[in-house]
Each structure stands twice: as structure tokens, then as C-alpha cells.
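What follows is each chain in one-letter form.
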Amino acid sequence: MPGRQVRVSVVIPTYNERESLPLFVTALRNVLGSEADWELIVVDDDSPDETWKVAEELAAEDRRIRIFRRLDCRGLSSAVVAGLSVAGGERVVVMDADLQHDITQVPELVAALDDAPLAVGTRYAAGGGVGHWGRGRVVLSRAATVACNLVLGLSVSDSMSGFFAVRRAEFNRISSRLNPRGYKILMELMAVMRPARVEEVPYVFAPRQCGESKLSARVAWEFGFALIELLTRSVVSPRFLKFALVGLSGVGVYALAQWMLLKGFGGIETSTLTAGAVGVSALSNYVWNNAWTFRDRRHVSLPAIVRGVLLFGLVAGTGAIISRAVAAYFLGPADAIGFAILAPTAGFAIATLWNYFLNHDLTWRGHALPA
Ligand code: GDD
Ligand code: MN
């Protein structure tokens with residue numbers, strides 16, 4: 001923007017928000033004032049309801065408004081990255097266009113960048129809230145936050161937030177390493193940026209006034225994949241791979257134990273036999289994990305080992321329940337592929353992640369031992 005200094009850029013991704021957009025612009029003008037030191041960047045993915053056209057009209061009246069219409073791609077995270085990439089302000093705020101994020105908190109978020117490279121609007125700190133959300137969505141959002149913090153080793157109360165501010169220089173430093181997909185742009189940003197400090201600004205998530213949410217089951221799936229991808233890209237510790245390998249070895253141990261028990265005690269009941277084989281393979285997994293996966297934190301004293309075995313068993317038990325639930329979900333539309341491949345694979349994958357995180361944070365929590 002020649003001839004003027006932009007201090008703050010506000011980036012909003014839009015998809016079918018033609019009704020919300022004018023309301024958003026009015027509200028933003030009220031909050032940021034009549035000066036020319038801010039800009040609004042609307043990133044629209046060629047919305048079928050022609051939101052881009054509404055944005056073009058608004059931009060024609062107010063040169064602080066810019067519209068970026070993307071014809072070749074779709075997606076919330078990539079739209080946000082596209083907007084951040086063309087932003088002119090030193091500080092950039094990212095938020096939804098549908099007025100669910102509290103616009104009056106924008107100055108607060110911008111000011112918070114005095115102290116940190118990243119500031120996050122949070123629904124889960126004192127003064128914040130989710131308003132009208134149903135229980136299911138609250139639980140999902142919380143669970144996603146916990147999983148994300150575990151993977152990234154962060155403690156941000158709302159890592160699923162779509163409302164945040166970042167210093168542009170900091171974004172530029174890392175933008176080429178981003179791999180934006182799905183909804184979780186903030187998670188991706190934090191994973192790559194590794195900010196030393198994150199400021200939090202509480203806000204209450206408002207009900208949608210017009211249009212509808214695009215957060216669907218597919219988005220939830222994408223989140224799962226993004227998490228796994230993050231895990232396997234940078235954060236995945238060799239530790240996780242070791243854990244997965246030990247888990248796989250447990251399958252072999254289980255088969256072997258069952259065969260041997262069958263040979264040795266021919267007459268016993270199948271359920272007893274299975275329980276025995278499960279016990280043997282779980283114990284073998286524990287021993288390998290203690291000696292190899294978590295070697296740096298291994299249990300040495302007898303009480304520590306007894307406690308370790310008990311916790312490990314407990315985690316494996318809950319993991320098995322979850323794995324069954326996931327498998328059952330895939331069996332819903334029961335077809336051959338779902339039955340033979342999808343259900344057990346998904347069950348195994350989820351259980352492995354679950355077991356890993358819990359064992360990592362519970363069973364083998366604690367101080368590092370000399371190697
Ligand atoms: N350009 C573009 N492309 N914009 C999109 C797309 C897309 O594919 N999908 C959604 N948007 C825009 C919407 O128009 C809206 O402005 C914003 O992104 C958020 O979309 P919603 O569909 O309203 O999301 P939500 O309210 O259900 O989800 C909110 O909560 C999540 C956490 O629980 C958002 O704040 C998310 O960002 C947040 O992760
Ligand atoms: Mn919304």
C-alpha cells in the first residue's frame with residue numbers, strides 16, 4: 001500500500017459469508033476507528049454465494065479493505081496463510097468473519113504482541129467461554145486441545161482457537177515451512193514457530209448470527225491426520241516409533257503365548273487362555289518399553305516396577321476399550337473392507353496413540369536417569 005503505513009492487518013477467511021461480511025466490517029470500523037493505519041484482508045475461496053462480490057463492493061468504498069479471491073484452492077488454514085502472506089501490517093490478527101469471535105478484543109490481542117510473538121484468544125481462561133455450545137462439542141474441543149498440547153509440549157489453554165495475533169516478521173521467518181491444511185492453523189503455526197511465549201486474551205465465543213458452520217465430521221478427521229503428521233514430521237520422537245514397534249512385537253508374543261498355552265494346558269477354557277496370552281504379551285511389552293522405549297526414565301526399584309506394571313496394564317485396558325469403540329464405529333456401515341481392514345487398523349492406530357501419550361505422561365513420567 002503505497003503512501004500509508006499499515007500498523008495492523010486483520011485477516012478473515014470467508015466461505016459463504018455474504019450476510020456476515022458487511023456486519024463484520026461495520027463492527028471492525030467501530031473498534032479500529034476511522035484512521036488509515038489498519039487494513040482488512042478478506043480471503044474468499046470463490047464462495048458460491050458470491051461473498052467475494054460483496055467484499056469487492058466494500059473494498060471499492062473503503063481502500064483499507066482488500067479482497068483476495070482464490071479460484072484454485074479451498075481450505076481455512078491455507079486461506080489464513082495466504083492472507084498472512086500478503087498482509088502489510090507489522091501485526092496481524094486472524095479471526096473468523098462470522099462475528100463469533102469478539103471483535104472488541106482485537107486491540108487487546110494486538111497489544112499483547114508487545115510481550116510475545118503470538119497472542120491467542122482463548123475461550124478456556126477466566127473471562128472466556130463457549131456460550132451456547134453443546135456438551136459434545138465442548139468435550140471434543142477440549143480433548144483436541146489436550147492432545148495438541150501433549151504433542152507440542154505447550155500449555156496454551158485454547159490451541160484450537162481461530163482467533164489470534166502474530167507478529168508479521170515472526171510469521172515470515174517460518175512461513176515457508178508451514179503445511180497448512182484443515183482447520184488447525186494455530187496448531188500448525190505453534191508447531192513450526194515454537195514460540196517461547198504465548199499471550200492469552202480471554203473472550204466469549206458468540207453464537208452464529210447468519211450463515212452456517214463449515215466445521216464438519218470431515219474437519220475432525222483432518223485434525224486427526226494433521227496431528228499424526230505433526231507427530232511424524234518434527235516432533236515424533238524416535239521414542240514413539242520404538243513404542244509402536246514394541247506394540248507390534250506384542251501381537252507376535254500374544255500369538256506365541258496362546259499357542260504355547262494351548263499345547264501346555266490343552267484342557268483349559270478359551271477365555272482363560274486368551275486372558276493368559278494377553279497378560280503375557282502385556283508384560284512383555286512393559287519389559288521392552290521399560291528397557292528400551294523409556295530407557296532414560298526406566299523403573300529400577302521393585303516398588304517402581306510394580307507401580308509401573310499396574311499403570312501400564314490400566315492404560316492398556318482403557319486403550320483396548322477405546323480401540324473397540326473406534327472399530328465399532330467403522331463397522332457401522334458394515335462392508336468387507338470396513339470389517340477386515342479399516343476397523344481393526346483405525347482401532348489399533350487410535351489405541352497406540354492413546355497408550356503412548358498416557359504411558360509417556362503417566363507410567364514413565366519423571367526424571368531422566370543416566371543412560
Ligand atoms: N476461505 C475459506 N475457505 N474460509 C473458510 C473455509 C474455507 O474453506 N471454511 C471456513 N471458512 C471460514 C468461515 O467463512 C468463517 O469465517 C471461518 O472460516 C470459520 O468457519 P466456521 O465454519 O464458522 O467455523 P466454526 O465457527 O464452526 O469453528 C470455530 O471454532 C473452531 C474451534 O472449535 C472457528 O473459530 C475455528 O477457527 C476454530 O478452530
Ligand atoms: Mn463460526
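To keep things clear, this report deals only with the structure shown in the data block. This structure is a prediction, so every number in the text was calculated from the model and none was measured. (Residues numbered from 1 in each chain as written. Chains lettered and ligands numbered in written order. Predicted model: local features only at pLDDT ≥ 70, side-chain atom pairs only at ≥ 80, totals over all residues. Heavy atoms only, no water.)

## Some words on the environment of His360
Part 1 of the argument: Note on placement: His360 falls in helix H12 (residues 336–363).
Part 2 of the argument: When its relative accessible area of 23% is taken as the criterion, His360 is described as partly exposed.
Part 3 of the argument: Distance in space between the C-alpha atoms of His360 and Leu150 is 9.7 Å, their sequence separation being 210 residues. (Helix = DSSP H or I, 4+ residues; strand = E, 2+ residues; numbered from the N terminus. Buried < 20%, exposed > 50% of the residue type's maximum accessible area, 1.4 Å probe, protein only.)

## Overview of the coordination of the manganese ion (ligand 2)
Part 1 of the argument: Protein-derived ligands of the manganese ion (ligand 2) are Asp98 (OD) and Gln100 (OE1), with the metal-ligand distances lying across 1.9 to 2.0 Å. For the pair Asp98 and Gln100, one class covers both residues: buried. (Donors = N, O, S within 2.8 Å, 3.2 Å for Na, K, Ca; no water.)

## Some points on the pattern of salt bridges
Part 1 of the argument: This structure, assessed with the given rule, holds 14 salt bridges.
Part 2 of the argument: Where Asp98 meets Arg208, a salt bridge forms, and the shortest distance between an N and an O atom there is 2.9 Å. One end of the pair, Asp98, is in the loop between strand E4 (91–94) and helix H4 (106–112); the other, Arg208, is in the loop between strand E7 (198–202) and helix H8 (217–235), with 110 residues separating them in the sequence.
Part 3 of the argument: Since its relative accessible area comes to 22%, Arg208 is described here as partly exposed.
Part 4 of the argument: The partner of Asp296 in a salt bridge is Arg239, with the nearest N and O atoms 3.0 Å apart. In this pair, Asp296 is assigned in the loop between helix H10 (270–293) and helix H11 (302–331) and Arg239 in helix H9 (residues 238–264), connecting sequence segments 57 residues apart. (Salt bridge = Lys/Arg side-chain N within 4 Å of Asp/Glu carboxyl O.)

## What about the nonpolar core?
Part 1 of the argument: Counting residues in each nonpolar core, the largest one holds 32 residues, and the members touching the most others are Val10, Ile12, Phe24, Leu40, Val93 and Met95.
Part 2 of the argument: For this core, the elements supplying multiple residues, two or more each, are strand E1 (8–14), helix H1 (20–32), strand E2 (38–44), helix H2 (51–61) and H4.
Part 3 of the argument: Looking at this core element by element, the count peaks at five residues for H1.
Part 4 of the argument: If we skip the residues at most four places from it in the chain, Ile12 touches Leu21, Phe24, Leu40, Ile41, Val42, Val43, Met95, Asp96 and Ala97.
Part 5 of the argument: Counting residues in each nonpolar core, the second largest holds 26 residues, with Val43, Ile185, Leu186 and Val192 among its members. (Core = buried A, V, L, I, M, F, W, Y, C linked by side-chain atoms within 4.5 Å. Contact = heavy atoms within 4.5 Å.)

## What about the site of ligand 1?
Part 1 of the argument: Lining the immediate surroundings of ligand 1 are 27 residues, of which Glu17, Asp45, Asp96, Ser213 and Lys214 lie closest.
Part 2 of the argument: At a separation of 3.0 Å, an oxygen atom of ligand 1 approaches a polar side-chain atom of Arg74.
Part 3 of the argument: A distance of 3.3 Å separates an oxygen atom of ligand 1 from a polar atom in the side chain of Arg123.
Part 4 of the argument: Summarising the interface, the protein chains cover 97% of the accessible area of ligand 1, which totals 740 Å² for the free molecule.
Part 5 of the argument: Elements with a contribution of two residues or more to the shell around ligand 1: E1 and helix H3 (76–86).
Part 6 of the argument: Considered class by class, the residues forming the shell around ligand 1 number 11 nonpolar, six polar and 10 charged. (Near = heavy atom within 4 Å. Polar contact = N/O pair within 3.5 Å; in protein donor to acceptor, adjacent residues only side chain to side chain. Areas by Shrake-Rupley, 256 points an atom, 1.4 Å probe, with all protein chains shown as cover. Nonpolar A, V, L, I, M, F, W, Y, C, P; charged D, E, K, R; others polar.)

## Some details on the packing of H9 against H10
Part 1 of the argument: At their nearest, the axes of H9 and H10 sit 8 Å apart, and the two run at 145 degrees to each other. For H9 against H10, the interelement crossing comes out right-handed.
Part 2 of the argument: Tallied by class, the residues present in the contact of H9 with H10 amount to 14 nonpolar, 11 polar and two charged. (Axes fitted to C-alpha atoms, helices over the stretch in contact; angles between N-to-C directions. Left-handed = near helix turned anticlockwise from the far one by under 90°.)

## What to know about unusual backbone geometry
Part 1 of the argument: Its identity as a non-glycine residue notwithstanding, Asn16 has a phi of 55 degrees, on the positive side.
Part 2 of the argument: A residue is classified by how much of its surface remains accessible, and Asn16, at 26% relative accessible area, is partly exposed.
Part 3 of the argument: Here Asp46, not a glycine, exhibits a phi torsion of approximately 55 degrees, which is positive.
Part 4 of the argument: Considering the arrangement of structural elements, one finds Asp46 in the loop between E2 and H2.

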